[in-house]
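# Coordinate inspection notes
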Amino acid sequence: MLLLGKIVLGFAATAAAGVGLLYSDGMIVVDVVEKQPERHHIYVPAPALLVPVGMHFAPKEKLAEASREIRPWLPTIRAAVAQLRECEDITLVEVKNHDEHVRVAKSGGSIVVDVEEEDDTVHVSTPIRAISSVIEQLAAAEPSTQSAP
Amino acid sequence: MTPRMNHTMKTIGKRLQVAAVFCLLVTAMATVARAGSEKYLHVKVDDAENGESVNVNLPLSIAEKVLPTVNKGNLHAGCVHISNADMDGVDIKAILDAIRTAPDNEFVTVKEKDQDVRVAKSNGNLVIHVRDMSDKKDKKGQKVDITVPMKVVDALFSTAKKDELDIAAAIRALGDAGDALLVSVEDASQHVRIWVDSKSSSDR
């Protein structure tokens with residue numbers, strides 16, 4: 001009975017550690033609400049760790065092309081991401097007009113984009129750590145030598 | 001456990017508590033000091049005619065760190081290259097040196113039927129005012145007010161090269177300067193403001 005308890009505890013601890021690791025980079029959240037004509041609600045929360053893992057399955061040539069395009073801007077992106085991590089929560093850009101309200105903000109370690117339109121609202125939240133690891137993976141990818149058409 | 005050991009443990013425990021509270025206080029003070037020292041560049045565009053507004057809030061620390069990494073076009077290592085054609089043979093550094101050493105004064109005043117232009121030095125700032133009434137449809141006319149701290153102007157022209165403006169140095173100087181409304185452009189429908197302050201939101 002004691003042995004069974006230890007095995008269950010071991011499994012529970014491993015599962016908890018696995019979930020903790022999976023969510024260690026935070027969550028990417030995509031939340032879309034379509035208002036008209038029928039109300040649809042799409043809510044996708046995904047562990048940010050899955051993005052760099054998913055990139056391993058991306059076609060090599062596509063990664064190489066992205067790597068070539070992003071390479072000249074790597075120092076700029078790295079500097080911006082590092083500073084964004086450090087700075088306090090802030091609305092970076094906000095655009096309002098009669099039909100739309102767009103807001104790009106840094107909120108709690110994530111970059112949040114909110115778009116509110118007459119027909120739908122979109123909320124996308126991406127942890128800065130996830131952005132950083134994607135950029136580093138692109139930087140590590142072999143860049144293609146061919147220029148894009 | 002002997003009574004003496006018990007007493008020693010209690011003393012150590014109390015000291016650890018005091019040390020923990022002290023560490024927390026120092027961390028809190030450092031955080032407050034850091035948050036207070038951050039400056040933000042704000043750009044606000046209000047277009048009353050189209051009912052549109054745009055707000056941009058940028059921590060100066062981001063601009064300061066990011067700008068030197070951009071190497072594109074005329075921008076390299078935080079400096080903008082200006083061609084001789086743009087300078088049109090004008091020795092800007094000599095002019096600024098003359099303005100810096102001069103007392104507060106109006107340097108240029110142009111008054112025309114439809115336009116007023118004023119360039120002055122006032123309280124350590126370079127001040128430019130333009131009033132343009134040439135557009136007959138716009139009864140209010142267009143108003144442009146630019147106020148730049150002289151320290152920022154100095155930093156802008158602090159590079160050894162004559163044909164370069166040091167934008168990164170100007171941003172650093174802007175961070176050291178106080179809160180200021182740098183640019184205001186206003187006409188019948190639009191109002192554009194650029195300012196620096198210690199608030200992360202664009203309430204002004």
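Now for a quick tour of the structure.

Cut-offs and rules
- Residues numbered from 1 in each chain as written.
- Chains lettered and ligands numbered in written order.
- Predicted model: local features only at pLDDT ≥ 70, side-chain atom pairs only at ≥ 80, totals over all residues.
- Axes fitted to C-alpha atoms, helices over the stretch in contact; angles between N-to-C directions.
- Helix = DSSP H or I, 4+ residues; strand = E, 2+ residues; numbered from the N terminus.
- Parallel < 35°, antiparallel > 145°, perpendicular 65-115°, else oblique.
- Left-handed = near helix turned anticlockwise from the far one by under 90°.
- Contact = placed C-beta atoms within 7 Å.
- Nonpolar A, V, L, I, M, F, W, Y, C, P; charged D, E, K, R; others polar.
- Pairing = 2+ DSSP bridges.
- Expected span 1.5 Å × (residues − 1).

## Side note on the packing of helix 4 (residues 74-86) of chain A against helix 5 (residues 128-140) of chain A
When two helices pack together, their arrangement is captured by the angle between the axes and the distance separating the axes. All names here are of chain A. Where helix 4 contacts helix 5, the two axes come as close as 10 Å, and the packing angle between them is 160°. If you check the angle between helix 4 and helix 5, you find them roughly antiparallel. Crossing angle aside, the handedness with which helix 4 passes helix 5 is left-handed. Residues L74, I77, V81, L84 and R85 of helix 4 lie in contact with helix 5, whose contacting residues are I128, I131, S132, I135 and A139. When the residues that make up the contact of helix 4 with helix 5 are grouped by side-chain class, the tally is eight nonpolar, one polar and one charged.

## Some words on the sheet that holds strand 3 (residues 71-72) of chain B
Hydrogen bonds along the backbone pair up the strands of a sheet, which may run parallel or antiparallel. Residues and elements named next belong to chain B. Pairing in this open sheet of four strands is antiparallel, and the strands run 3-4-5-10 from one edge to the other. The sheet terminates laterally at strand 3 and strand 10 (164-166), the two strands that pair on one side only. Inspection of the sheet shows strand 4 (residues 75-76) paired to strand 5 (residues 79-81) by two bridges, in the antiparallel sense. Bridge pairing links H76 to C79 in strand 5. The strands touched by helix 6 (residues 167-176) within the sheet are strand 5 and strand 10, with strand 10 carrying the most contacts at an inclination of about 30°.

## Some details on the environment of D132(B)
All names here are of chain B. Summarising the element assignment, D132 is placed in strand 8 (residues 125-132). When the C-alpha atoms of D132 and K143 are compared, they prove to be 6.5 Å apart, with 11 residues separating the residues in sequence. Dropping the residues within four chain positions of it, D132 is found in contact with D114, Q115, G141 and Q142.

## Examining the pairing of strand 12 (residues 190-197) of chain B
As a general feature of sheets, a regular strand has side chains that alternate between the two faces. Residue and element names in this part refer to chain B. As judged from the eight bridges shared by strand 1 (residues 40-47) and strand 12, these two strands associate in the antiparallel manner. What sits directly across from K44, in strand 12, is R193. Here strand 11 (residues 180-186) runs beside strand 12; their pairing, made up of six bridges, is antiparallel. Bridged to V185 within strand 12 is V192. Hairpin connection from strand 11 to strand 12: three residues lie between these consecutive antiparallel strands.

## Details of the interface of chain B and chain A
Contact residues are listed per partner, giving 19 residues for chain B and 17 residues for chain A. Elements that contribute at least two residues to the side of chain B that touches chain A include exactly strand 2 (52-59) and helix 2 (60-66) of chain B. For the side of chain B that touches chain A, the leading source of residues is strand 2 of chain B, giving eight residues. Residues that form the side of chain B that touches chain A fall into these classes: eight nonpolar, nine polar and two charged.

## Side note on helix 5 of chain A
Spanning 13 residues, helix 5 of chain A covers 18 Å between terminal C-alpha atoms, matching the ideal 18 Å at 1.5 Å per step. Elements in contact with the buried residues of helix 5 of chain A: strand 1 (27-34), helix 2 (50-55), helix 3 (60-70), helix 4, strand 5 (110-116) and strand 6 (120-127) of chain A.

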